[in-house]
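Close look at the chain arrangement
Chain by chain, the residues:
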Amino acid sequence: MVAQFTPAQIDYLRSQRIGRLATIRPDGSPQNNPVGYRYDEILGVIDIGGNRMGSSQKFRNLGKEERVSFVVDDIKSVDPWEVRCLEIRGTAVALSDVEPYGPGMSREIIRIVPERVLAFGID
């Protein structure tokens, strides 16, 4: 089942630039990378692109295990302490020959289909 984002969560995704993508390596160990992303409103998915994405380990990891976790978070205030976090759990697919959504990006993306969304400090 595809999870839906609330309007506040969509606004938060649009306000941030970097998230962290966790994938599973072929040996079963986790890999976590900072990545740029965009939210595709039409499809309700997260697209992750980059320079030479198709040759990256995170891209190759999806050939064996499609489950991923993607986190976007920040510190809104230190006094008082306010942290905001959006964790998206779901499946991802490694796509090739896709029109890049940003300059300098290769024609490969990782597309995350959200199945569960956990949030705090946002809604």
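Look up: the structure comes first, before these words.
Residues numbered from 1 in each chain as written. Predicted model: local features only at pLDDT ≥ 70, side-chain atom pairs only at ≥ 80, totals over all residues. Heavy atoms only, no water.

**Concerning the pairing of strand E6 (residues 81–95)**
Looking along a regular strand, one sees side chains alternate from face to face of the sheet. In the sheet, strand E5 (residues 67–78) pairs with E6 via 11 bridges, with the strands oriented antiparallel. In the sheet register, Ser69 faces E6, and the bridge partner there is Arg89. The sheet contact formed by E6 and strand E7 (residues 109–120) spans 11 bridges and is antiparallel. When the sheet's bridge partners are listed, Glu87 is paired in E7 with Leu118. (Pairing = 2+ DSSP bridges. Helix = DSSP H or I, 4+ residues; strand = E, 2+ residues; numbered from the N terminus.)

**Concerning the sheet that holds strand E2 (residues 30–36)**
Across the sheet, which stays open at both edges, the seven strands sit in the order E2-E1-E5-E6-E7-E4-E3 with antiparallel pairing between neighbours. Looking along the sheet, the strands with just one partner apiece sit at the ends: E2 and strand E3 (38–40). Taken over all neighbouring pairs, the strand axes of this sheet differ in orientation by 35° on average, direction set aside. By the bridge criterion, seven bridges tie strand E1 (residues 18–24) to E2 in an arrangement that is antiparallel. When the bridges of E2 are listed, Ile18 appears paired with Gly36. Sitting on the sheet, helix H1 (residues 7–15) is in contact with E3, strand E4 (45–48), E5, E6 and E7, with an inclination near 85° to E6. (Axes fitted to C-alpha atoms, helices over the stretch in contact; angles between N-to-C directions. Contact = heavy atoms within 4.5 Å.)

**Notes on the packing of aromatic side chains**
Taken as a whole and judged by the stated rule, the model has two aromatic pairs. On the basis of an interplanar angle of 85° and a centroid distance of 5.4 Å, the ring pair of Phe5 and Tyr39 is categorised as edge-to-face. In this pair, Phe5 sits in the segment before H1 while Tyr39 sits in strand E3, placing the two residues 34 residues apart along the sequence. Residue Phe5 is classed as buried on the basis of its relative accessible area, which comes to 10%. (Phe/Tyr/Trp six-rings, centres within 6.5 Å; stacked < 30°, edge-to-face > 60°. Buried < 20%, exposed > 50% of the residue type's maximum accessible area, 1.4 Å probe, protein only.)

Scope: geometric values only; no functional claims are made or implied.
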